[in-house]
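# A closer look at the structure
The chain contents come next:
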Amino acid sequence: MLVNFTFKNCRSFYRESALSMQAVKDAELKEINTFSADSKLMPKGENEFLKSAVIFGGNASGKSNVLKALAYMKNVLQMSASQFPIVAANEPFAFYENAQNDESSYEVEIIQNGSYYKYGFTIVKGAVKTEWLERRKERLTSVFKRTDNELEITGLSKQATRLINISSGTLFLSVGNNFHLDIAPHLNDVMLWFQNLLIVFENDANILDIYAMANGKYKEQALKILKLADIGITDIRVKKDKVANIANFNDMLNINAQIQINPTSFGQLKQEEKNLYNIDLETFFDVYDKKGKAKGKRDILLYKNAGFNSEGTVRLLCYLGWILAALDQGRVIVIDEIDAKLHFLVADYIVKLFNSIDTNPKNSQLVCTAHNVMLMDEDLRRDQIYFTSKDKYGESTLVSLSDYKNVRKTDLFSKRYLAGFYAKLPDMKNND
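A short tour of the structure in this document, coming up. Predicted, not measured: the structure shown is a model, and the values here were computed from it.

### Things to note about the environment of Arg315
Within the secondary structure layout, Arg315 lies in helix H8 (residues 311–329). Since its relative accessible area comes to 9%, Arg315 is described here as buried. Sequence separation between Arg315 and Ser80 is 235 residues, and the spatial gap between their C-alpha atoms is 31 Å.

Structural data, given as C-alpha cells:
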C-alpha cells in the first residue's frame, strides 16, 4: 500500500511536492473509494486510504514527471547495486541556475507485511548524500540512517557498522541483505514493495504472456472487458516463439539485423534464462457471410499485423493484463495517460475497477495521469483529483483539489477546471 510519495528537485519540479493516498475527512464515496488500515500502524484519524488518484494537467505541465520521479526511485533501488550509474542519472530541475548542485530528495511512506515504513534518500551532484528507513508496528523507530558513507544501524554497534562500506553511487537498502543483519526482514519488506510496484509508461511495459498465466484467468477477464468495449475481438491467444540463444553471438546478430531491416518483425522480446522469445498476441474476429451468419474466425497478430487493430486497442491490451493482475494481487499500479487513445467510457471503466468493493476486494491502488477532464466528474472524491501546472520559469506544482477552499460537492469540477479555477491552463486565444 502506498501512503505518501514526496519528492523535490526532480525534472520539472524544484520545490517539494507530495502525492498523498491518505483520505481527508470526508464522507463522500467513503465506502467505495477508500479503505482502512490497522489503526496501530497510523495515528488515529490518518488510517483511511484512497484506492485511486488521477492527475490532470496540460501538455508539459509535469504530470508525467510525478510518475517518472517514482519510477526513478524504483530504478535506483533495483539497479544501484550493479555497476550501472543510475544514481548519477538523477535529473535535477533544469531552469534555475545551480539547481544541479542542490539536493534532490525522494521518500515513500508505505505499508507492507503489516508494518508502516518511511524510506527515502537524497542525492547531491550525482551521489547519495543521506538515506533513511523508519518503521512503525505500534510506534515509529529508526531502522537505519546514513549520511554520506557513514551508517547508524539499529541493533548494531558503531564499531561493527564502520566495517560496512557503501559507495556514493549505491543505496544501502539495495545491498543491505549482503551483510546478514538483524534488520534484513525490514529491508526485504521495502524492496518487495518496490518489486511489486507496477509502472506503465509505454505499450511494451506489459509482457503479453501475462494472458497465458494464472490458468488463463486474466485472459478471460480481459475478454469480458473487450466485449463490453465493443472492440470486436472474440478471443486472444499468446504466441510465444524462441528466436535466439543469448549466448550465441550469431543468433543475436541475426535478431538485430532483422529488427533493423523491419522493426515490425517482432512483437515483445522477453529473456528467460539463456533464451530470447518473441511474444505476440493473436486477436480473433468473427467472419460473417452476406446474410450476417458467422462462418468462421480470422486471426490477426497484434504486432506482426500492425495497423489492423487500432492504436487504442493495442494500448489497452498492452496494459490491461497488468491492471487485472494488480487487482488480483492487491498491488499498486501507476499508469501514464490512462485515457490515451481510449474512449472516455473505457478509461472511466478502468478507474471504476479500482473504486469498487466487488472488483477490488484486496484494495489495490491506482495512480494515473489523464487528459480527459470528464473523468473528474465520474464518482471521484476531491482528494482523488490532482492538478499539475507550470509557471513562467518552467517549474511545476502538484496540488490536490481537496486543498482548495470553497469547493462544493455539487460543483462540476471539469467546468471549473477548464475555466482556470484550479490550475494554470494554456491560453490558446488568438491575440493577434
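Next, the rest of the story.
### A short note on helix H7 (residues 249–261)
Over its 13 residues, H7 extends 18 Å from the first C-alpha to the last, a length consistent with the 18 Å expected when each residue adds 1.5 Å. Two to three positions downstream of the cap, the backbone nitrogen of Asn250 sits 3.0 Å from a side-chain oxygen, assigning the N-cap of H7 to Asn248.

### Remarks on empty space enclosed by the protein
Counted according to the given criterion, the structure contains one cavity of 30 Å³ or more. For the largest cavity, the calculated volume is near 40 Å³. Of all the elements in the fold, those that place two or more residues in the lining of the largest cavity are strand S1 (2–8) and helix H2 (63–79). Top contributing element to the lining of the largest cavity by residue count: H2, with three residues.

### A word on H8
Here H8 is 19 residues long and its end C-alpha atoms lie 28 Å apart, about the 27 Å a rise of 1.5 Å per residue gives. Of all the bends in H8, the largest measures some 35° and sits at Tyr319. Taken across its 19 residues, H8 has 16 buried, putting it largely inside the fold. Note on H8: the residue one or two positions beyond its end, Gly330, has a positive phi of about 70°.

### Brief notes about unusual backbone geometry
Trans peptide bonds make up most of the peptide bonds, and negative phi angles are found at most residues other than glycine. Positive phi values are uncommon outside glycine, yet Asn215 reaches one of about 55°. Topologically, Asn215 is positioned in the loop between strand S11 (198–200) and helix H6 (217–228). For Asn215, a relative accessible area of 83% puts it in the exposed group. The residue Asp230 is not glycine, and still its phi comes out positive at about 55°.

### So, the sheet that holds strand S2 (residues 17–20)
On the basis of which strands lie adjacent, the open sheet formed by seven strands has the order S2-S1-S6-S7-S8-S9-S10 and antiparallel pairing. Since the sheet does not close on itself, it has two edges, and those belong to S2 and strand S10 (150–153), each with one partner. For this sheet, the mean angle separating the axes of adjacent strands, direction not counted, is 10°. By the bridge criterion, six bridges tie S1 to strand S6 (residues 104–112) in an arrangement that is antiparallel.

### As for the packing of aromatic side chains
The final tally for this structure, using the stated rule, is 18 aromatic pairs. Geometrically, the ring pair formed by Phe387 and Tyr417 is stacked, given 5.1 Å between the ring centres and 10° between the ring planes. Remark: Tyr417 occurs in helix H10 (residues 413–418) and Phe387 occurs in strand S18 (residues 385–390); sequence separation between them is 30 residues. Ring centres 5.2 Å apart and planes at 15° place the aromatic pair Phe387 and Tyr422 in the stacked group. One end of the pair, Phe387, is in strand S18; the other, Tyr422, is in the segment after H10, and 35 residues separate them in sequence. In this structure, Phe387 and Tyr422 share a single accessibility class: buried. Here the aromatic residues Tyr14, Phe93, Phe95, Tyr96 and Tyr393 are joined through ring pairs into a cluster of three or more. A cation over an aromatic ring shows up here: Lys240 above the ring of Tyr277, its NZ or CZ 5.1 Å from the ring centre. Positioned above the aromatic ring of Phe421 is the side chain of Arg416, whose terminal nitrogen or guanidinium carbon lies 4.1 Å from the ring centre.

Conventions adopted
- Residues numbered from 1 in each chain as written.
- Predicted model: local features only at pLDDT ≥ 70, side-chain atom pairs only at ≥ 80, totals over all residues.
- Heavy atoms only, no water.
- Helix = DSSP H or I, 4+ residues; strand = E, 2+ residues; numbered from the N terminus.
- Buried < 20%, exposed > 50% of the residue type's maximum accessible area, 1.4 Å probe, protein only.
- Expected span 1.5 Å × (residues − 1).
- Polar contact = N/O pair within 3.5 Å; in protein donor to acceptor, adjacent residues only side chain to side chain.
- 1 Å grid on protein atoms, 1.4 Å probe; cavity = no way out; pocket = protein on both sides within 12 Å on 5 of 7 lines; lining within 4 Å.
- Points joined across faces, edges and corners; volume = space filled by probe spheres on them.
- Bend = angle between axes of the 7 residues up to and from the residue.
- Pairing = 2+ DSSP bridges.
- Axes fitted to C-alpha atoms, helices over the stretch in contact; angles between N-to-C directions.
- Phe/Tyr/Trp six-rings, centres within 6.5 Å; stacked < 30°, edge-to-face > 60°.
- Lys NZ or Arg CZ within 6 Å of the ring centre and 35° of its normal.

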